[in-house]
Amino acid sequence: MGTDLHELLRSLRVWDPAVTDLPPLDPDATPAEPLTLFTAWFAEVVAAGQPEPHTMSLATSDAEGLPDVRTVMLHGADAAGWAFATHANSRKGRQLAARPYAALGFYWPVQGRQVRVRGPVAVAPPEEARVDLHARSTGALAAALTGRQSEILGSTEELQRASQDAWELARREPDTDASTWTLYRLRPTEVEFFQGDERRRHVRLRYRREGSDWLRELLWP
């Protein structure tokens, strides 16, 4: 017999107390700007054992305005913005070239937390992209050198050959550049922090940029 999706869904729990702790969030005690709170939350979920806390959903739209989303890795966050990287000729790279605006979504169930970030996206200088690429693992460099992301693949054997060649080059010449590898920075206009509550009185705190300042406001859950 096949799996009954609806029965499986009904069997699942959200924020099981055995694996989830829901810390309180006092909006009046939060910092004046979102990066400080994001950094604190990130450190807390790492300490709490959240697997892969640096993964995030990246939402973009194509030239016709149709949405798209995928999971990528956060490469950093500072006053210049939240950083991620991909090939400029990938699907998301082409979409960002056509519509340089995106949204990010982090979900950390170990503490019932979400962070949503949205704003315009800019391309970082090529030297920063090179530094970012070579600060990562040999496997990451090999994947970047394999290239052709989002193009039609003829066979798995074709991928195996290209990947093997890229691994050999990455090991032999670790300073090799991937010409299309691009570092992007999203400069947020809105950042929302969601703290789950066991009685569903969730706290949603949104930071909204107004000029050079941030306005803090609570949202209904």
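Whatever comes next refers back to the structure up there.
The rules behind each value
- Residues numbered from 1 in each chain as written.
- Predicted model: local features only at pLDDT ≥ 70, side-chain atom pairs only at ≥ 80, totals over all residues.
- Heavy atoms only, no water.
- Salt bridge = Lys/Arg side-chain N within 4 Å of Asp/Glu carboxyl O.
- Helix = DSSP H or I, 4+ residues; strand = E, 2+ residues; numbered from the N terminus.
- Buried < 20%, exposed > 50% of the residue type's maximum accessible area, 1.4 Å probe, protein only.
- Contact = heavy atoms within 4.5 Å.
- Polar contact = N/O pair within 3.5 Å; in protein donor to acceptor, adjacent residues only side chain to side chain.
- Phe/Tyr/Trp six-rings, centres within 6.5 Å; stacked < 30°, edge-to-face > 60°.

Asks: Hey, could you run me through the pattern of salt bridges in this one?
Replies: The full count for this structure, using the stated rule, is 16 salt bridges. Note that R113 is salt-bridged to E44, the shortest N-O span being 2.7 Å. One end of the pair, R113, is in strand β6 (residues 113–123); the other, E44, is in helix α2 (residues 34–47), and 69 residues separate them in sequence. Take R113: its relative accessible area is 3%, and that puts it in the buried class. Residue classification places E44 among the partly exposed positions, given a relative accessible area of 35%. Taken together, the shared-partner salt bridges in this structure form one network comprising R206, R208, E210 and E217.

Asks: Quick question: what am I supposed to make of the environment of T189 here?
Replies: Topologically, T189 is positioned in the loop between β7 (181–186) and β8 (190–195). Considering only alpha carbons, one finds T189 and A79, 110 residues apart in sequence, at a separation of 12 Å. For T189, the contacting residues outside a window of four places in its chain are Y101, R118, G119, P120, Y207, R208, R209 and W214. Side-chain polar atoms of T189 contact the side chain of Y101, separated by 3.3 Å.

Asks: What is the right way to read the packing of aromatic side chains from this model?
Replies: Working definition: an aromatic ring pair is given by the centre-to-centre distance plus the angle between the planes. Under the criterion given, the structure shown has eleven aromatic pairs. Plain terms: the ring middles of F38 and W82 are 5.4 Å apart, the flat faces sit at 75° to each other, and that makes the pair edge-to-face. Of this pair, F38 sits in helix α2 while W82 sits in strand β4 (residues 81–87), and the two are 44 residues apart along the sequence. Here W82 falls in the buried class, since its relative accessible area comes to 2%. Between W41 and F193 the ring centres are 5.2 Å apart and the planes differ by 85°, which places this aromatic pair in the edge-to-face class. Of this pair, W41 sits in helix α2 while F193 sits in strand β8; the two residues are 152 residues apart in sequence, bridging distant segments of the chain. Judged by its relative accessible area of 2%, W41 falls in the buried class. Overall, F193 belongs to the buried group, its relative accessible area being 0%.

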